[in-house]
Amino acid sequence: MVLYMRCNYRIATIYLFFCAIILLACDEKQEVSIEPIPVIQVTDYFNEHFAPVSVVPIETTETFLLSDVDKVIAVGDDYLVLSKNVDTVALIDGNTGKVKCWIHRIGNGPGEYRKIVDVAYDDENRHIVVMNDYQRLQFYDLEGNFLYQKEVNDSFENLSYADTCLYMQNPLNGYACYPYKFTTINLSDGSVEKWGNSKSIEFPIRSRGCHMLHSRRLLFSAPLDFTIYRADKNGYEALYNIGYPTDKFTDDFLELSVNDPMEFFKRVSSEKIVYSINTIRETEKHVVFRNNRNELCFLNKEANKVYADGFILWDFFCLSPQEYVPFEGNSNTLLFTVSAEKLLKELKTCDVQDEEILKVVRQQGINTDDNPILIVFQEQLVDKSILK
């Protein structure tokens, strides 16, 4: 009898040991090696695969002024716009640019904040979710009315919504970040889960854009990592490995990012170092992202090739990849913003053939100091490119 119990005890111990190994392996599944995809420098790839479909000047009033656009979320036919410089979230009519509501509540009370870190949209409950610098999530209806808030007890860099869950990615701790760690809140039952890999990266430099966005899938990236990952309720996995070199990421290079940022950027410029990819958006045929060298990159999913386009030419003027906006929503569109000043300047100096642009400018009466203008491009599903 004693021997039987000892055998059962040993079997149970071995069983638990192997279960632990399996769980650990599941947590580390993103470490699977993926063959890097070379990056091909091209021009005019964007024009051959995307075409403008709408121009939306954001309404300007004496009380509603935006200096920039940091993120846009599709809400039906409308756009939820985040401007961090003025700590404002606004719901914009997707056709006219008229402001339907806006949230700007600086303070310490319920529904108030000091800074907006990120924003998401809960499409099931039709709630705007603001993540603020008080480690809180604040919920508003589509008229801008404050509803309730949740404490999250961590400072995260990114917030997105997918499949009834809020995903908070990359908790911060001084110069260190944890881009493979997540906290998710299931809004259908209120459950909270913390999961992911605890690997930390001491790298404080951030390029313009977002490291996590939800389009066709919830995709994210990490500093100093050229892998594009997919996250969902079951964890995350690596999808694509972009073929940028990593041999420049030496200890002294990484120390410069903390101790001497000016020297860091000098090396980045002189040695043409890519250290970040972000603002990832997936369409039917492409995965689009931007790198820190101000190149807009197009991963052609069918060809399994990446094309980097540094100049986004559009009819009468050049759009910069810096004007490519983080955009959430499941459609085959990309979003850019331009300043009213730039648009009007180009209209005066160029021979404009696009009647739609002229019509919008005339109807809206755009002035140089007006709010930014959204330009929507649609993916062309018939491939006109000679690049294969």
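Below is a short write-up of the structure.

Reading the values: rules and limits
- Residues numbered from 1 in each chain as written.
- Predicted model: local features only at pLDDT ≥ 70, side-chain atom pairs only at ≥ 80, totals over all residues.
- Heavy atoms only, no water.
- Helix = DSSP H or I, 4+ residues; strand = E, 2+ residues; numbered from the N terminus.
- Buried < 20%, exposed > 50% of the residue type's maximum accessible area, 1.4 Å probe, protein only.
- Contact = heavy atoms within 4.5 Å.
- Areas by Shrake-Rupley, 256 points an atom, 1.4 Å probe, with all protein chains shown as cover.
- Polar contact = N/O pair within 3.5 Å; in protein donor to acceptor, adjacent residues only side chain to side chain.
- Pairing = 2+ DSSP bridges.
- Salt bridge = Lys/Arg side-chain N within 4 Å of Asp/Glu carboxyl O.
- Axes fitted to C-alpha atoms, helices over the stretch in contact; angles between N-to-C directions.

A few points about the overall build of the protein
Scanning the protein from terminus to terminus reveals six helices and 29 strands. Within the protein, the proportion of its 388 residues that are buried is 51%. Across the protein, contacts joining residues at least 24 apart in sequence account for 55% of those joining residues at least 6 apart. Of the roughly 18,900 Å² of accessible surface on the protein, a fraction of 50% belongs to carbon and sulfur atoms.

Examining the side chain of Gln 169
Here Gln 169 lies in strand S12 (residues 165-173). A distance of 2.7 Å separates the side chain of Gln 169 from the side chain of Asn 158, its partner in a polar contact. Of the polar contacts made by the side chain of Gln 169, one reaches the backbone oxygen of Pro 179; its length is 2.9 Å. Setting aside residues no more than four positions away along its own chain, Gln 169 makes contact with Phe 156, Glu 157, Asn 158, Pro 179, Lys 181, Phe 182, His 211, Met 212, Phe 220 and Ser 221.

Quick word on the pairing of S12
Among the nine residues in S12, seven count as buried, and that is most of the element. Here strand S11 (residues 156-162) runs beside S12; their pairing, made up of six bridges, is antiparallel. Following the sheet pairing, Tyr 161 is matched in S12 by Leu 166. With five bridges connecting them, S12 and strand S14 (residues 181-186) associate as antiparallel partners. Residue pairing in the sheet places Gln 169 in a bridge with Phe 182 of S14. Alignment of S12 against strand S13 (residues 176-177), held across two bridges, turns out to be antiparallel. Following the sheet pairing, Leu 172 is matched in S13 by Cys 177. Between the end of S12 and the start of S13, which pair antiparallel, lie two residues, with Gly 174 showing a positive phi angle near 65°.

Things to note about the pattern of salt bridges
Summed over all chains, the structure comprises 17 salt bridges. Between Lys 115 and Asp 87 there is a salt bridge, and its shortest N-O distance comes to 3.3 Å. Of this pair, Lys 115 sits in the loop between strand S6 (99-103) and strand S7 (116-122) while Asp 87 is found in the loop between strand S4 (78-83) and strand S5 (88-92), placing the two residues 28 residues apart along the sequence. Among the residues examined, Asp 87 registers a relative accessible area of 7% and is labelled buried. Between Arg 267 and Asp 252 there is a salt bridge whose closest N-O contact spans 3.1 Å. Taken as a pair, Arg 267 in helix H4 (residues 261-271) and Asp 252 in helix H3 (residues 251-259) lie far apart in primary sequence, 15 residues in all. A relative accessible area of 43% means that Asp 252 is categorised as partly exposed. When salt bridges with common partners are traced through the structure, they connect Lys 248, Asp 252, Arg 267 and Glu 271 into a single cluster.

Some words on the environment of Gly 144
Within the secondary structure, Gly 144 is located in the loop between strand S9 (136-140) and strand S10 (146-151). According to the relative accessible area criterion, Gly 144 is buried, its value standing at 7%. Separated by 43 residues in sequence, Gly 144 and Cys 101 have C-alpha atoms that sit 5.8 Å apart. With residues near it in sequence (within four places) discarded, Gly 144 still touches Cys 101, Ile 103 and Arg 105.

Side note on the sheet that holds S9
Strand order in this open sheet of four strands is S7-S8-S9-S10, and the pairing throughout is antiparallel. Across the chains shown, the open sheet's two edge strands, defined by having one partner strand only, are S7 and S10. Sheet twist, expressed as the mean angle between neighbouring strand axes with direction ignored, is 20°. Here S9 runs beside S10; their pairing, made up of five bridges, is antiparallel. Residue pairing for S10: Tyr 140 is matched across the bridge by Phe 146.

Description of unusual backbone geometry
Despite not being glycine, Asp 87 has its phi angle at roughly 50°, a positive value. Even without being a glycine, Thr 164 presents a positive backbone phi close to 70°. Tracing the chain through its elements places Thr 164 in the loop between S11 and S12. With a relative accessible area of 18%, Thr 164 lands in the buried category.

The quantities given are spatial measurements derived from coordinates; they are silent on function.
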